[in-house]
Amino acid sequence: MTGTGNTNPEHPPLAKILIAGGMKLAGDTPFGWRLAAAIFGSLTLVAIFLWTFLLLDNYLLALIAAFLALLNNFLFVIARVAMLDVFYFAFVMWGLVAFTAALTLNISIGRRRILLFATGVMFGLGGACKWNTIVTLAAVALVVVFFYLRDSRHLRQIGFATLAVAVVLVPAVVYCLAFWIQCHRFHRPFTAGELVSMNMFIWRYHVNCPGPPALDSPWYRWIFRTSPERGMSYLMGNFVVVWGGFLALLTCMWRFCRSLALPEGLVTLFYGVNLLQWVVIPQQRTMYYYYYPCTVFLCVAFAIVLGSMQERRVLGMRPIVIILVMASVFFLYCYPRMAALEAPYDCALGCWN
Amino acid sequence: MARVLKYRSTLGFSHFAGNQNRCTLASVGEVKQEFPGQMQKRVGFTGLAVFMLSLSFLLLGIEKPAYYVMD
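Small disclaimer: the values here were computed from a predicted structure and weren't measured. (Residues numbered from 1 in each chain as written. Chains lettered and ligands numbered in written order. Predicted model: local features only at pLDDT ≥ 70, side-chain atom pairs only at ≥ 80, totals over all residues.)

> Can you walk me through the overall build of chain B in this structure?
Secondary structure summary: chain B contains two helices and zero strands in total. Within chain B, the proportion of its 71 residues that are buried is 15%. (Helix = DSSP H or I, 4+ residues; strand = E, 2+ residues; numbered from the N terminus. Buried ≥ 20, exposed ≤ 12 C-beta atoms within 10 Å, placed from the backbone.)

Take a look at the structure:
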């Protein structure tokens, strides 16, 4: 923003441009640093609501999924710090909204094509924030190939060339255009060589740079982690949402194996690729907050399973009500630490050792 | 009733009771979903409300100088 050069070249530029936009709007203050992240966190919640609604055609369950996402602690923390994950994942979720709408809505082929192009644009913007977008895009491409081979969901009518352009070419072009803004700002040539050079730096940095040891946490410990990440706003997944959501995800996986149900299949696939990417990514250290995208899919899985339990009663109450109350209580318990409330409010609901 | 159930199953409804309009990959015919106008408005307004309310909530206390400090 000050024109002093790119001091953070280890990631693509778009998320940093968005943070700079917030600072331009609200000033170089703590509020300005975090404004854009909060806006994109809210946009993510709207996308979760719409995506769940498209999958389940159920207004209440869509609201529950969004509410659980707000209470899962990850979204609250990530959307209140100036980090890149909230930006890339907001674009990913909006890409999934467009993609799922193209698959499920009763609309013309032309509109389906437009939605698929919108999917590509969103994933391109997400990739221009952080490379991890590519795993969800790869999963989307897998779903496209699956339906195309099965001659289902109108994908044959849309045409292979259009699909390839929407899922491969459009994201790549949008990704490259984000670098144009950076090159223009820093008076660098926008050439193929420059693009390759900048992206090679990103790759080499992440392969070779170990990252902060204080935040190091291997991926297999994220699922049932019980200690807060003190170095990052005391981030700790809401046990009710992330553990209950994990059980719900296992249920979804089982249901998908039995009936090939689309909602269950998509949440299982997207959770799986977002978690298991860390098995293959050659990065020396991983952080707990990388679990954030997975927790969002856990919320949708939870809503799917709760939807099938609407007729049941536990202690005379609906399971949905019990889960929402328990999740709210846990969130409130964590809130003073996550929001860095000052004394005496920091220990209002119990102090953490 | 059995014929109805069989017909519904060929349309790809995975859970006949309680979960209508569930799409499956195994569907023979395509399951159509279209927002009726009223539902479209309701979803749109709810989306806007989710955005405004969550943004207000996320912005609460965000002006603190530094609140994710290593300890």
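Still more ground to cover, so stick around.
> How should I be thinking about the overall build of chain A in this particular structure?
Tallying secondary structure elements over chain A gives 14 helices and zero strands in all. The order of helices and strands in chain A, counted from the N terminus, is α-α-α-α-α-α-α-α-α-α-α-α-α-α. Over its C-alpha atoms, taken along the principal directions, chain A stretches across nearly 65 × 60 × 35 Å. Counting over 353 residues, chain A shows a buried share of 47%. In chain A, 71% of the contacts between residues at least 6 apart in sequence involve partners at least 24 apart. (Contact = placed C-beta atoms within 7 Å.)

> Just to check I follow, could you spell out unusual backbone geometry for this structure?
Residues and elements named next belong to chain A. Of note, the phi angle at Leu-260 is positive, near 55°, even though the residue is not glycine. With respect to the helices, strands and loops of the structure, Leu-260 is situated in the loop between helix H11 (239-259) and helix H12 (262-280). Unusually for a residue other than glycine, Ala-340 sits at a positive phi of about 55°. On the basis of neighbour counts, which here come to 18 C-beta atoms within 10 Å, the residue Ala-340 falls in the partly exposed class.

> Would you take a moment to explain helix H13 (residues 292-307) of chain A for this structure?
What sets the pattern is the α-helix's 3.6 residues per turn: residues three or four places apart point alike. Over its 16 residues, H13 of chain A runs 23 Å from end to end, which matches the ideal 22 Å to within 8%, given 1.5 Å per residue. Counting buried residues along H13 of chain A, 16 of its 16 residues qualify, which places the element largely inside the surrounding structure. (Expected span 1.5 Å × (residues − 1).)

> How do you make sense of the nonpolar core when you look at a structure like this?
What tends to happen in soluble globular proteins is that the nonpolar side chains get buried as a cluster. Residues and elements named next belong to chain A. Among the nonpolar cores identified, the biggest contains 122 residues, and Ile-48, Ala-65, Leu-68, Cys-299 and Ala-301 are the most heavily contacted of them. The element contributing the most residues to this core is helix H2 (residues 30-56), with 19 residues. If we ignore the near neighbours within four places in the chain, the residues touching Ile-48 are Ala-65, Ala-66, Ala-69, Met-93, Val-296, Cys-299 and Val-300. (Core = buried A, V, L, I, M, F, W, Y, C linked by C-beta atoms within 7 Å.)

> Help me out: how do you make sense of helix H3 (residues 59-71) of chain A in this one?
Residue and element names in this part refer to chain A. The end-to-end C-alpha separation of H3 is 19 Å, in line with the 18 Å expected for 13 residues at 1.5 Å each. For H3, a buried count of 10 out of 13 residues is recorded, marking the element as mostly surrounded by other parts of the structure. Those residues of H3 that fall on the buried side of the exposure criterion are Leu-61, Ala-62, Ile-64, Ala-65, Ala-66, Phe-67, Leu-68, Ala-69, Leu-70 and Leu-71. Backbone geometry just after H3 places Asn-73 at a positive phi near 80°.

> Sorry, what's going on with the packing of helix H6 (residues 109-127) of chain A against helix H7 (residues 133-149) of chain A here?
Residue and element names in this part refer to chain A. Axis separation between H6 and H7 bottoms out at 8 Å; the angle between their running directions is 155°. Taken as axis vectors, H6 and H7 run roughly antiparallel relative to one another. In this structure, the crossing between H6 and H7 has a hand that is left-handed. From H6, Thr-119, Phe-123, Gly-126 and Gly-127 reach across to H7, where they touch Thr-133, Ile-134, Leu-137 and Val-140. Per-class residue counts for the contact of H6 with H7 are four nonpolar, four polar and no charged. (Axes fitted to C-alpha atoms, helices over the stretch in contact; angles between N-to-C directions. Parallel < 35°, antiparallel > 145°, perpendicular 65-115°, else oblique. Left-handed = near helix turned anticlockwise from the far one by under 90°. Nonpolar A, V, L, I, M, F, W, Y, C, P; charged D, E, K, R; others polar.)

> Got a minute to help me understand the environment of Ala-66 of chain A in this structure?
As for its position among the elements, Ala-66 of chain A is in helix H3. On the neighbour-count criterion, Ala-66 of chain A (29 C-beta atoms within 10 Å) is buried. Between the alpha carbons of Ala-66 of chain A and Leu-50 of chain A there is a distance of 9.0 Å; along the sequence they are 16 residues apart. Apart from the residues lying within four places of it in its own chain, the contact partners of Ala-66 of chain A are Leu-45, Ile-48 and Phe-49 of chain A together with Val-50 of chain B.

> What's the story with the packing of H3 of chain A against H13 of chain A in this structure? I'm lost.
Two numbers describe a pair of packed helices, the interaxial angle and the distance between the axes. All names here are of chain A. It is the contact of H3 with H13, at a shortest axis distance of 8 Å, that shows an interaxial angle of 140°. Note that H3 runs across H13; the crossing there is right-handed. Residue-level contacts link Leu-61, Ile-64, Ala-65, Leu-68 and Ala-69 of H3 to Val-296, Cys-299, Val-300, Phe-302, Ala-303, Leu-306 and Gly-307 of H13. Considering only residue class, the contact of H3 with H13 consists of 11 nonpolar, one polar and no charged.

> I'm lost on the environment of Thr-251 of chain A in this one. Help?
Inspection of the secondary structure puts Thr-251 of chain A in helix H11. On a C-alpha basis, the gap between Thr-251 of chain A and Arg-156 of chain A in space is 32 Å, while along the polypeptide they are 95 residues apart.

> What am I meant to see in the confidence of the model for chain B here?
Detailed reading of the predicted model is not advised wherever pLDDT is low. All names here are of chain B. Chain-level pLDDT for chain B is 63 on average; 39% of the residues reach the 70-or-more range. The low-confidence segment residues 1-21 (pLDDT under 50) makes 29 contacts with residues lying over four places distant or belonging to another chain. The low-confidence segment residues 26-31, where pLDDT is below 50, has 12 contacts with residues more than four positions distant or belonging to other chains. If you check the scores for this complex, the pTM reads 0.88 and the ipTM reads 0.88. (pLDDT = per-residue confidence, 0-100.)

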